[in-house]
Amino acid sequence: MSALQRRVRALRSNRRLRLLTTLVVSALAYLVLRWGFGFMRSDKSPKIAVMLVAIAVGVAGAWLLFWILDNLVSSIPAQGIRDALHPFVFVGPGLLLLLVFQIYPTVNTTVISFLDSRSELFVGLKNYVFVFTTDDLLIAFRNNVMWLVIVTTLTVCIGLLVAVLADRVRFESVVKSTIFLPMAISFVGASVIWKFVYAYRPAGTAQIGLINALVTALGGEPRGWLTHAPANSFFLMVIMIWIQTGFCMVILSAAIKGVPNELTEAARVDGANAFQIFFKITLPYIRGSIITVATTVALSVLRVFDIVYVMTNGQFKTQVIANRMYVEMFKFRDFGHAGALAVILLVAVTPVMIVNVRNLRQQRS
Amino acid sequence: MSAEMLSRDVAGPRYVLRRILTGTTLRLVLLSICLLWTLPTAGVLITSFRPYNDIISSGWWTVFETPFDFTQWTLEHYGAVLMEEGVGNAFLNSLIVSIPSTIIPITVAAFAAYAFAWMEFPGRDACFAVLVGLMVMPLQMALIPMLRVYTRLGLSGSFLGIWLAHTGFAIPLAVYLLYNFISQLPRDLIEAATIDGASDFQIFTNIVLRLSMPAIASFAIFQFLWIWNDFLVALVFLGGGRDVAVLTTQLSQLVGTQGQGWHILTAAAFVSMLVPLSLFFSLQRYFVRGLLAGSTKG
């Protein structure tokens, strides 16, 4: 027997051993994971133990999946098949999740938007006609557009202002941390925080909300800030601005620091003042970053849900598309209307999708 | 750029405007912006430590009149929200949801990013283009079909279900960001390992994963915070039942039931902010770095 043959035989038995190990591990993993899920579902299990089991099961499960898949593919005798399948061990689970959680729902929701409330009969454009002709929904659309314009503009402008101003003081990092901090807070938490700022108590009693206290201290009448349209929508927008400004500031600040010193120095020597330098040099130079942050903010504003849900639940003319969609789904049980609203949101972000894919193509070529 | 340098600028009719950019005025403007950004959170924090009768009879700022009067502080609301209002339980649920929902998508995405960067397979570029397109997909598109699938499979209200949902929704961005990093690793390194007979699995776990840790850590912080702060996915796929409710859903329920119960609401809100804020203060540098890495796209 030649050395080569011996080697091939060793590899083959090695492969068999590997397959065997993999199958044993898979069986064990199955049993352990099953026990884990049973344990988590049981009411008797103490919560802390459930937490630890959950983390172990979730994390180990993901890793085992890849390990088992890789070993199974590696134990295929034919090298051609093995090589062809290997990339899919790596990319397969990701693609599968993409298919299940993104592509299938996109197609399905689009179909649902042309069906009736229970997704049984084809109704053509009826759902779209409904959403574009009903008063409540027109208010929601108008609000979404207002949110988009006002919040995006103000967050970018304030973020830019702080980035520029903070660049000139020694306590820059303190300023930045302060503005940046709300980014770590959930929209729900932020809503509670601001609900307290807007808190209203009848005139004559002590005001515990910051704004009404200020207003009464200045001799005014306390108001329920969240119940009077159209200003109440603006008071909700303030929460979003408060959260997102830090993001704009961080990105724009980095961009401003990237403006070459030679450029600004040259302009200064030519007699340009700070304003001219800012508007004629800095601003054009960071144009790309401004567009990026504006797009990112606009995308999250478009989907705004939590703030409206917690603060007013769309009452007092503060409705927005995403919240109305939730109401259609869970209160009116009209999946046709809800689907149409989702599709409208998708159409609104399509330009960004196209630009992103086109940029990718350009980078590649 | 210091204030002195600016004041050397050519003086002109824009004197007043320039004043805003220099010296005391500049500091005052910045200080008031900072104050504006801090006061709302400070109010909630202070209120959560005040006795109920104080909260409803005077504004939280009045504590500064007698800051060292320790009788005006109490911890009782925290005990109440943690034990009686289900916030303690929700805190654990948030951990159960957030930790696997951070690690699973990163695992799946890192494997996929490696394949996109270093392996050849049919349809690779097309798949990646679809993935980049899906990065900005509104979550709303997935709600109705996935809720139906979940109800049919009995995944609604289960932790496994929400891990999978968060993983599915996070995949495009996670793969894209990790791809940007993993594809920039030196080609020589990967090729040398291949020649030494290492399999892709070994290269990935022993070399690529180890070298990508900074990128993975930055993304992990964001993913964790995003999940911790998520409300919509938890509300739709996990629901508000007390055994599974996470902090955000529990807090929003308290807003509904407690209306004016500011002692409960402020303490509960602060508990929900505890983890994000401590992450923020301890890992701020990674935070900023991750933001910058994520925003350079497009």
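This structure is a prediction, so every number in the text was calculated from the model and none was measured.

J.: What should I look at first to understand the overall build of chain B in this one?
T.: Counting its secondary structure elements, chain B contains 16 helices and 0 strands. What you see for chain B is a C-alpha radius of gyration of 25 Å, clearly larger than the 19 Å of a compact globule of 298 residues, by over 25%. Here the C-alpha coordinates of chain B stretch approximately 75 × 65 × 35 Å along the principal axes. For chain B, buried positions account for 46% of its 298 residues. Sequence-distant contacts in chain B: of pairs separated by 6 or more residues, those separated by 24 or more amount to 74%.

J.: What exactly am I supposed to notice about the overall build of chain A here?
T.: A count of helices and strands for chain A gives 15 helices and 0 strands. Radius of gyration (C-alpha) of chain A: 29 Å, far over the 21 Å computed for a compact globule of 365 residues. Seen through its C-alpha atoms, chain A measures out along the principal axes to roughly 100 × 65 × 50 Å. Across chain A, contacts joining residues at least 24 apart in sequence account for 65% of those joining residues at least 6 apart.

J.: Explanation requested: the packing of helix H5 (residues 135-166) of chain A against helix H3 (residues 23-47) of chain B in the structure shown.
T.: Think of two packed helices as two axes; the pair is described by the angle between the axes and how far apart they sit. Remark: H5 of chain A packs on H3 of chain B, axes separated minimally by 10 Å, with the N-to-C direction vectors making an angle of 135°. The orientation of H5 of chain A with respect to H3 of chain B, classified from their angle, is oblique. Like other packed secondary-structure pairs, H5 of chain A and H3 of chain B cross with a definite hand, here left-handed. In this structure, H5 of chain A contributes Val-162, Leu-165 and Ala-166 of chain A to the contact, and H3 of chain B contributes Leu-26, Val-29, Leu-30 and Ile-33 of chain B.

J.: I keep staring at the interface of chain A and chain B and nothing clicks. Help me out?
T.: One widely used convention gives an interface's size as the accessible area the parts lose upon coming together. Opposite the 96 residues of chain A that make contact, chain B presents 102 residues. Ranked by the residues each element gives to the side of chain A that touches chain B, the list is headed by helix H3 (residues 79-112) of chain A, at 19 residues. Tallied by class, residues from the side of chain A that touches chain B come to 71 nonpolar, 19 polar and 6 charged.

J.: What should I look at first to understand unusual backbone geometry in this one?
T.: Phi is mostly negative for residues that are not glycine, and the peptide bonds are mostly trans. Residues and elements named next belong to chain A. In this structure, the amide linkage connecting Ala-229 to the following residue, Pro-230, adopts the cis form with an omega of 0°. At Asn-313, a position not held by glycine, the phi torsion is positive, near 50°. Following the sequence through the fold, Asn-313 ends up in the loop between helix H13 (306-311) and helix H14 (321-330).

J.: Would you mind showing me how to read the nonpolar core here?
T.: Nonpolar side chains in soluble globular proteins generally cluster together in the buried interior. Residues and elements named next belong to chain B. Of all hydrophobic cores here, the largest spans 183 residues; its most connected members are Val-175 and Leu-178. It is helix H6 (residues 87-118) that provides the largest number of residues to this core, a total of 19 residues. Aside from chain neighbours lying at most four places away, what touches Leu-178 is Ala-109, Ala-110, Ala-113, Ser-212, Ala-215, Ile-216 and Phe-219.

J.: How should the packing of helix H2 (residues 47-74) of chain A against H6 of chain B be read in this particular structure?
T.: Where H2 of chain A contacts H6 of chain B, the two axes come as close as 9 Å, and the packing angle between them is 10°. By the angle between their directions, the pair H2 of chain A and H6 of chain B is classed as roughly parallel. When H2 of chain A is examined against H6 of chain B, the residues Lys-47, Ile-48, Val-50, Met-51, Ala-54, Ile-55, Gly-58, Val-59, Ala-62, Trp-63 and Phe-66 of chain A are found in contact with a partner set consisting of Asn-89, Leu-92, Leu-95, Ile-96, Ile-99, Pro-100, Ile-103, Ile-104, Thr-107, Val-108 and Phe-111 of chain B. Looking at the contact of H2 of chain A with H6 of chain B residue by residue, the classes come out as 18 nonpolar, 3 polar and 1 charged.

J.: Please explain the confidence of the model for chain B as it appears in this structure.
T.: Caution applies to low-pLDDT regions: their predicted coordinates should not be interpreted in detail. All names here are of chain B. Model confidence for chain B is summarised by a mean pLDDT of 87, while 91% of its residues fall at 70 or above. Note on residues 1-11: pLDDT under 50 across the span, and 15 contacts to partners over four residues away in sequence or across chains. This prediction of the complex comes with two scores: 0.90 for pTM and 0.90 for ipTM.

J.: Whenever I open this one, the environment of Phe-278 of chain A confuses me. Can you help?
T.: All names here are of chain A. Within the element layout of this structure, Phe-278 appears in helix H11 (residues 274-285). On the neighbour-count criterion, Phe-278 (16 C-beta atoms within 10 Å) is partly exposed. In sequence terms Phe-278 and Arg-34 are 244 residues apart; their C-alpha atoms lie 62 Å from each other. Discounting residues that sit within four places of it in the chain, Phe-278 has contacts with Val-164 and Leu-283.

J.: Before we go on, may I ask you to explain the environment of Leu-252 of chain A in this structure?
T.: Residue and element names in this part refer to chain A. Inspection of the secondary structure assignment puts Leu-252 in helix H9 (residues 231-257). We classify Leu-252 as buried; it has 24 C-beta atoms within 10 Å. When the C-alpha atoms of Leu-252 and Ile-55 are compared, they prove to be 37 Å apart, with 197 residues separating the residues in sequence. Non-local contacts of Leu-252, meaning those with residues more than four positions away in its chain, are made with Gly-159, Leu-160, Ala-163, Ile-286, Ser-289, Ile-290 and Val-293.

Criteria and cut-off values
- Residues numbered from 1 in each chain as written.
- Chains lettered and ligands numbered in written order.
- Predicted model: local features only at pLDDT ≥ 70, side-chain atom pairs only at ≥ 80, totals over all residues.
- Helix = DSSP H or I, 4+ residues; strand = E, 2+ residues; numbered from the N terminus.
- Rg over C-alpha atoms; globule rule 2.2 N^0.38 Å.
- Buried ≥ 20, exposed ≤ 12 C-beta atoms within 10 Å, placed from the backbone.
- Contact = placed C-beta atoms within 7 Å.
- Axes fitted to C-alpha atoms, helices over the stretch in contact; angles between N-to-C directions.
- Parallel < 35°, antiparallel > 145°, perpendicular 65-115°, else oblique.
- Left-handed = near helix turned anticlockwise from the far one by under 90°.
- Nonpolar A, V, L, I, M, F, W, Y, C, P; charged D, E, K, R; others polar.
- Core = buried A, V, L, I, M, F, W, Y, C linked by C-beta atoms within 7 Å.
- pLDDT = per-residue confidence, 0-100.

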